[in-house]
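# Observations on the model geometry
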Amino acid sequence: MGIIVQKFGGTSVADLTRIKNVAKLVKAELESGNQVVAVVSAMAGATNSLITQCAELSRLDGITSLQEYDAAIASGEIVTSALLALQLQSIGIKARSLQGWQVPIETTKAHGNAQIVNINPHKLNELLSQGITPVITGFQGVSIDGDITTLGKGGSDTTAAIISASLNAERCDIYTDVDGIYTADPRVVHNAKKIDIINIEELYALCNAGAKVLHPRAALAAKRYGFKLRILSSFTNLDGTTTKSEINNMENRQITAITSNKNLLKIEIEHKAQNFVHIFEEFTKELVPIEQIFNFEKDNSIIIANLIDKNKCEKLLNNLKNNLLLTKYSTEANISSVTIVGYGIKNDNGLVWKIIELLNNNNVSILSTDLSDIKMSFIVNDRDNEKVIKLLHEYCF
Ligand SMILES: Nc1ncnc2c1ncn2[C@@H]1O[C@H](COP(=O)(O)OP(=O)(O)O)[C@@H](O)[C@H]1O
Ligand SMILES: N[C@@H](CC(=O)OP(=O)(O)O)C(=O)O
């Protein structure tokens, strides 16, 4: 008998029929002799509509508004955890819903994008030892000040992953609306192939490069703590994709999957070349991650950041302009990255040139390329995004 953490995403708990279906999946796992800890997301669309409502009422630019923002957007998971616990009780399973602060899941104070710093497993172990299935709200925790915090969009996967680590779980099952990890997003590439077993490093690289199917911090936790992840559908009975830590091909190059990230922000700035270092320092100070920089030795630089930081960036750029560190800036959200993930990509010198040639022949202009041991990324215009994914998928698989 082991502990299985089952995480149910928004589509799996989108209405009462689906919550009843999820309760059956919990029951089946319990009947196979395991203990279960369930982690739930809000009903599909619920968090986004709460975010929109908050933004309609507030500019969300200070700590007091961000405290309320997190309190509001954490509410979707509170509803689904209680509803699932009720349904489990109705089918004869002892269950108890727990909000992040009740576990407790302690996080940093970074409202809207907090990180988990500690999970005390005492209460969860106590419930499990009494035969009670905990149903935990994903996506949220509590800061040292006692405020509700949230972990960033898609963060319920990370809740489930860190809970798996803290309970030494045998496996963490991520139930979603696809039956596993595919060679590309099956909504974009209809003939994408399902991957039965994926190396955890590759899965981490894939999620970091934009594959929405799993929160990258959940893959990182599985990599760090060494537990198995399984990604599967709550709508079918199929096996899904399981992670492994071994590598197959020694040094041979392999290609595992292709993904893209449309949530990028292109920032063009005009400045004196010697000021770039101060501009860069400001991004670091304000905790705005930079994906790529080019041209910085000249007086027209391009910075690629995350779209989620657009407001922060604009405030920061405006301050830099007022302080005369730059003369002009503009932001555009019309770029995206397309990434090929696979071991040993760097060992295949020819691949990058063949791909550049392929994209050139198909009239795609590449803004920049980035190559590492495990991935190869191209920044392109948004309008070319799907075309590039399809071309690369056809070429690679
Ligand atoms: N390589 C991939 N394999 C499978 N699904 C992918 C991949 N890349 C992106 N996706 C998308 O991820 C979606 C599942 O993630 P998400 O909508 O966040 O689920 P949930 O709400 O269950 O957490 C799928 O519907 C699919 O379109
Ligand atoms: N409800 C949150 C957390 C989450 O992880 O959701 P989902 O599992 O549906 O991606 C969100 O929308 O971001």
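Residues numbered from 1 in each chain as written. Chains lettered and ligands numbered in written order. Predicted model: local features only at pLDDT ≥ 70, side-chain atom pairs only at ≥ 80, totals over all residues. Heavy atoms only, no water.

Spelled out, the test is: UniProt positions are given in the numbering used here, feature names are shortened, and annotations may be inferred rather than shown by experiment.
The name given to the chain in an unreviewed UniProt entry is Aspartokinase, and the organism recorded there is Candidatus Megaera venefica. Per its UniProt entry, the chain bears the Catalytic activity (unreviewed entry) comment "L-aspartate + ATP = 4-phospho-L-aspartate + ADP". The Sequence similarities (unreviewed entry) comment attached to the chain in UniProt states, word for word, "Belongs to the aspartokinase family."

### So, the UniProt feature "domain: Aspartate/glutamate/uridylate kinase" (unreviewed entry) in the chain
Selection rule: Counting from the N terminus, the helices are DSSP H or I runs at least four residues long and the strands are E runs at least two residues long.
Here the UniProt feature "domain: Aspartate/glutamate/uridylate kinase" (unreviewed entry) sits at residues 3-233. As a span, residues 3-233 carries 41% helix and 23% strand, and end to end its C-alpha atoms are 20 Å apart.

### Section: the site of ligand 1
Rules: Any residue with a heavy atom lying within 4 Å of a molecule or strand is counted as near it. Counted as a polar contact is a pair of N or O atoms within 3.5 Å, where, for protein atoms, one must be capable of donating a hydrogen and the other of accepting one, and residues adjacent in sequence contribute only when both atoms are in side chains. To measure how exposed things are, a 1.4 Å probe is used in the Shrake-Rupley method; for residues, cover is taken only from the protein chains shown.
In the region of ligand 1, 18 residues are neighbours, and Thr 176, Asp 177, Asp 185, Arg 187 and Lys 212 sit closest. The contact in question runs from an oxygen atom of ligand 1 to an N or O atom on the side chain of Thr 176, over 2.8 Å. The separation between an oxygen atom of ligand 1 and a polar side-chain atom of Asp 177 is 2.8 Å. Here ligand 1, which alone exposes 580 Å², has 90% of that area covered by the protein. For the shell around ligand 1, the secondary structure elements donating two or more residues are strand S9 (171-176) and strand S10 (181-182).

### Topic: the nonpolar core
Nonpolar side chains tend to gather and get buried jointly when the protein is soluble and globular. Applied cut-off: Nonpolar core, defined: a set of buried Ala, Val, Leu, Ile, Met, Phe, Trp, Tyr and Cys residues in which side-chain atoms within 4.5 Å join the residues together. Throughout this description, buried means an accessible area under 20% of the type-specific maximum (1.4 Å probe, protein chains only), exposed means over 50%, and partly exposed covers the range between. Residue ranges for the domains originate in an automatic or database domain assignment. Residues count as neighbours in contact if any of their non-hydrogen atoms are within 4.5 Å of one another.
Grouped together as the largest cluster of nonpolar side chains are 44 residues, with contacts concentrated most on Val 5, Val 37, Ile 136, Ile 163, Leu 203, Leu 214 and Leu 229. Top element by residues in this core is helix H7 (residues 200-208). It accounts for 5 residues. Each of domain 1 (3-244) and domain 3 (337-396) contributes no fewer than three residues to this core. Among all residues touching Val 5, those that are not within four sequence positions of it are Val 37, Val 39, Ala 160, Ile 163, Ser 164, Ala 169, Arg 171, Cys 172 and Asp 173. Counting 24 residues, the second-largest nonpolar core is a separate cluster that includes Ile 340, Ile 355, Val 364 and Met 376.

### Considerations on the sheet that holds strand S22 (residues 375-381)
Our working definition: One bridge is not enough; two strands pair if DSSP finds at least two bridges between them. Helix axes are fitted only over the stretch in contact, all axes being lines through C-alpha atoms; the angle between N-to-C directions runs from 0 to 180 degrees.
Here 4 strands make up an open sheet; going across it, the order is S15-S20-S22-S21 and the pairing antiparallel. Either end of the sheet is taken by a strand with one partner, and the two such strands are strand S15 (257-261) and strand S21 (366-371). Neighbouring strand axes in the sheet, compared pairwise and without regard to direction, differ in orientation by 20° on average. Pairing of S15 with strand S20 (residues 335-341) involves 5 bridges; the strand directions are antiparallel. Paired with Ile 258 across the bridge in S20 is Ile 340.

### Focus on the pattern of salt bridges
Selection criterion: Salt bridges are identified by distance alone: a Lys or Arg side-chain nitrogen within 4 Å of an Asp or Glu carboxyl oxygen.
Taken as a whole, this structure holds 15 salt bridges when the rule is applied. With a closest N to O distance of 2.7 Å, Arg 187 and Asp 177 form a salt bridge. On the criterion of sequence distance, the pair formed by Arg 187 in the loop between S10 and strand S11 (194-195) and Asp 177 in the loop between S9 and S10 is long-range, its members being 10 residues apart. Since its relative accessible area comes to 62%, Arg 187 is described here as exposed. For Lys 390, the salt bridge goes to Glu 386, with nearest N and O atoms at 4.0 Å. With Lys 390 and Glu 386 both in helix H12 (residues 385-396), this residue pair falls 4 residues apart, about one helical turn. A single network of salt bridges, built from pairs that share partners, joins Glu 29, Arg 171, Asp 173 and Arg 230.

### Concerning the sheet that holds strand S18 (residues 300-306)
In space, the 4 strands of this open sheet follow the order S17-S18-S16-S19, with antiparallel pairing throughout. On the outer flanks of this sheet lie strand S17 (290-294) and strand S19 (328-332), each paired with one strand and no other. Strand-to-strand, the axes of this sheet are offset by a mean angle of 20°, without reference to chain direction. Note that strand S16 (residues 264-270) and S18 share 7 bridges and pair antiparallel. Its bridge partner being in S18, Lys 266 is matched across the sheet by Ile 304. Packed onto the sheet, helix H9 (residues 276-285) meets S16, S17 and S18 and runs at close to 170° relative to S17.

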